[in-house]
There are 2 protein chains.
Amino acid sequence: MGLRRDRGSGSRQGCCALKLHIVAYGKAGRSPESDLIDRYLKRIVWGATLTELAEAAAVPPPPPNSRTVVLDERGTPLSSQAFAALLGRWRDEGVRETRFLLGPADGHSAGTRAAADLLLAFGPATWPHLLARAMLAEQLYRATAILAGHPYHRE
Amino acid sequence: MGLRRDRGSGSRQGCCALKLHIVAYGKAGRSPESDLIDRYLKRIVWGATLTELAEAAAVPPPPPNSRTVVLDERGTPLSSQAFAALLGRWRDEGVRETRFLLGPADGHSAGTRAAADLLLAFGPATWPHLLARAMLAEQLYRATAILAGHPYHRE
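In short, a report on the structure. Quick caveat, the model's predicted, so the values are computed rather than measured. (Residues numbered from 1 in each chain as written. Chains lettered and ligands numbered in written order. Predicted model: local features only at pLDDT ≥ 70, side-chain atom pairs only at ≥ 80, totals over all residues.)

1. Focus: the overall build of chain A
Per the secondary structure count, chain A includes four helices and five strands. Helices (α) and strands (β) of chain A occur, in sequence order from the N terminus, as β-α-β-β-α-β-α-β-α. (Helix = DSSP H or I, 4+ residues; strand = E, 2+ residues; numbered from the N terminus.)

Take a look at the structure:
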């Protein structure tokens, strides 16, 4: 339960307390996007889960000691290295879960946006929700690969 | 064969002389990415094709009256609206084909980059080549939908 302070250790240990949790509106069903999401989430040794919300559902309250990232076209675009560094910092600070909120169709409420620790954009282009979900899953896997020194990021 | 100068007409006509041509290194094979590429290219009424190059192949010379866009992490990120406006301008100028070059694994040569009409990035993040190909196909369809006034961009 102790805080991880081994920032200088190279972060190559398999153990990571930070869980990655995608919370997304809408059902991916059986689709190419769903196949991509499954492919990348399965590769994440930190532990990664997807929760799909019905369109009218409220965003669940955040668990204790968590961070919330909201995917938003008006958000900040980050390089994969910077994204990895942020997740690595949160992990090292002892954060237990980072939630990534996507959708709903009409966009997130002002309250959800204001409460976010980060508004993240994949550049200024508009992406379909399901494709954005697959893109996020890939960036999450890539971030963990970068922090682990895995060659995926260079392949 | 005449140049299209109907920039003010609302661009809702089905006819478009500008062909969209993705020229990409590597084989997508049977994959979720390939399914996505097929899905979006089939929806493009302008006409859209994909040519896959072997890793050692040279970039084919550009056809007459064409434009070349190189996908490049160091390129310019564009909003979907700005990307659509650029393609619409080229179409209205009578350009017959726009080529979109992706890959190879070691990146494009300096010569290919220098000869490009546009270096395009999907934000500062690094994307796998096949996923970037699917993302490009989606943005191409979205651009034609924007120019046609089709509601896809707002859904």
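Back to the write-up after that little detour.
2. Structural notes on the sheet that holds strand β5 (residues 118-121) of chain A
All names here are of chain A. Across the sheet, five strands lie side by side as β2-β1-β4-β3-β5; this open sheet has parallel pairing. Only two strands of the sheet have a single partner each, and these edge strands are β2 (48-53) and β5. Direction aside, the axes of adjacent strands within the sheet are offset by 30° on average. Summarising the sheet, strand β3 (residues 66-77) and strand β4 (residues 97-102) pair through five bridges and their orientation is parallel. (Pairing = 2+ DSSP bridges. Axes fitted to C-alpha atoms, helices over the stretch in contact; angles between N-to-C directions.)

3. Section: the interface of chain B and chain A
Each partner contributes residues to the interface: chain B has 19 residues there, and chain A has 19 residues. Listing elements by their share of the side of chain B that touches chain A, those giving two or more residues are α1 (32-43) and α4 (129-148) of chain B. Element by element, the count of residues in the side of chain B that touches chain A is highest for α4(B), at four residues. (Contact = placed C-beta atoms within 7 Å.)

4. Thoughts on the pairing of strand β1 (residues 19-25) of chain B
Strand residues, when the strand is regular, have side chains that alternate between the two faces of the sheet. Residues and elements named next belong to chain B. Across the seven residues that make up β1, a large majority, five, are buried. Note: β1 against strand β4 (residues 97-102), six bridges, orientation parallel. Bridging from a neighbouring strand, Ala24 pairs with Leu102 of β4. After leaving β1, the chain enters α1 and then returns to the sheet as strand β2 (residues 48-53), a path that is right-handed. (Buried ≥ 20, exposed ≤ 12 C-beta atoms within 10 Å, placed from the backbone. Right-handed = clockwise from strand over helix to strand, strands pointing away.)

5. A short note on helix α2 (residues 80-92) of chain B
Taking 1.5 Å as the rise per residue, α2(B) with 13 residues should run 18 Å; its terminal C-alpha atoms sit 18 Å apart, in good agreement. Taken residue by residue, α2(B) has B:Ser80, B:Phe83, B:Ala84, B:Leu87, B:Trp90, B:Arg91 and B:Asp92 as its buried positions. (Expected span 1.5 Å × (residues − 1).)

6. Notes on the environment of B:Asp92
With respect to the secondary-structure elements, B:Asp92 resides in helix α2. In the structure, B:Asp92 is positioned 41 residues away from B:Thr51 in sequence and 25 Å away in space, judged by C-alpha atoms.

7. Here we look at the sheet that holds β2(B)
Residues and elements named next belong to chain B. The strand order across the open sheet built from five strands is β2-β1-β4-β3-β5, with neighbouring strands paired in parallel fashion. Of all strands in the sheet, those with a lone pairing partner are β2 and β5 (118-121), marking the two edges. Strand-to-strand twist in this sheet, taken as the mean axis angle between neighbours without regard to direction, amounts to 30°.

8. A closer look at the nonpolar core
Soluble globular proteins: nonpolar side chains tend toward being buried together. Within the largest apolar cluster, 80 residues are counted, with the highest numbers of intra-cluster contacts made by A:Leu102, A:Leu136, A:Ala137, B:Leu102, B:Leu136 and B:Ala137. With sequence-adjacent residues up to four places away left out, A:Ala137 is seen in contact with A:Ile22, A:Leu36, A:Ile37, A:Tyr40 and A:Leu41. (Core = buried A, V, L, I, M, F, W, Y, C linked by C-beta atoms within 7 Å.)

9. Topic: the environment of B:Leu147
With respect to the helices and strands, the residue B:Leu147 is situated in helix α4. The spatial distance from the C-alpha of B:Leu147 to the C-alpha of B:Gly88 is 6.9 Å, given a sequence separation of 59 residues.

10. Overview of helix α4 (residues 129-148) of chain A
Counted at 1.5 Å a residue, the expected span for α4(A) with its 20 residues is 28 Å, and the 29 Å between its end C-alpha atoms agrees. A:Gly149 occupies a position one or two residues after α4(A) and carries a positive phi of about 70°.

11. Things to note about unusual backbone geometry
All names here are of chain A. Cis geometry is adopted by the peptide bond preceding Pro104, which originates at Gly103 and carries an omega value of -5°. Positive phi outside glycine occurs at Asn65, with the angle close to 55°. The topology assignment puts Asn65 in the loop between β2 and β3. The exposure class of Asn65 is exposed, given the 12 C-beta atoms found within 10 Å.

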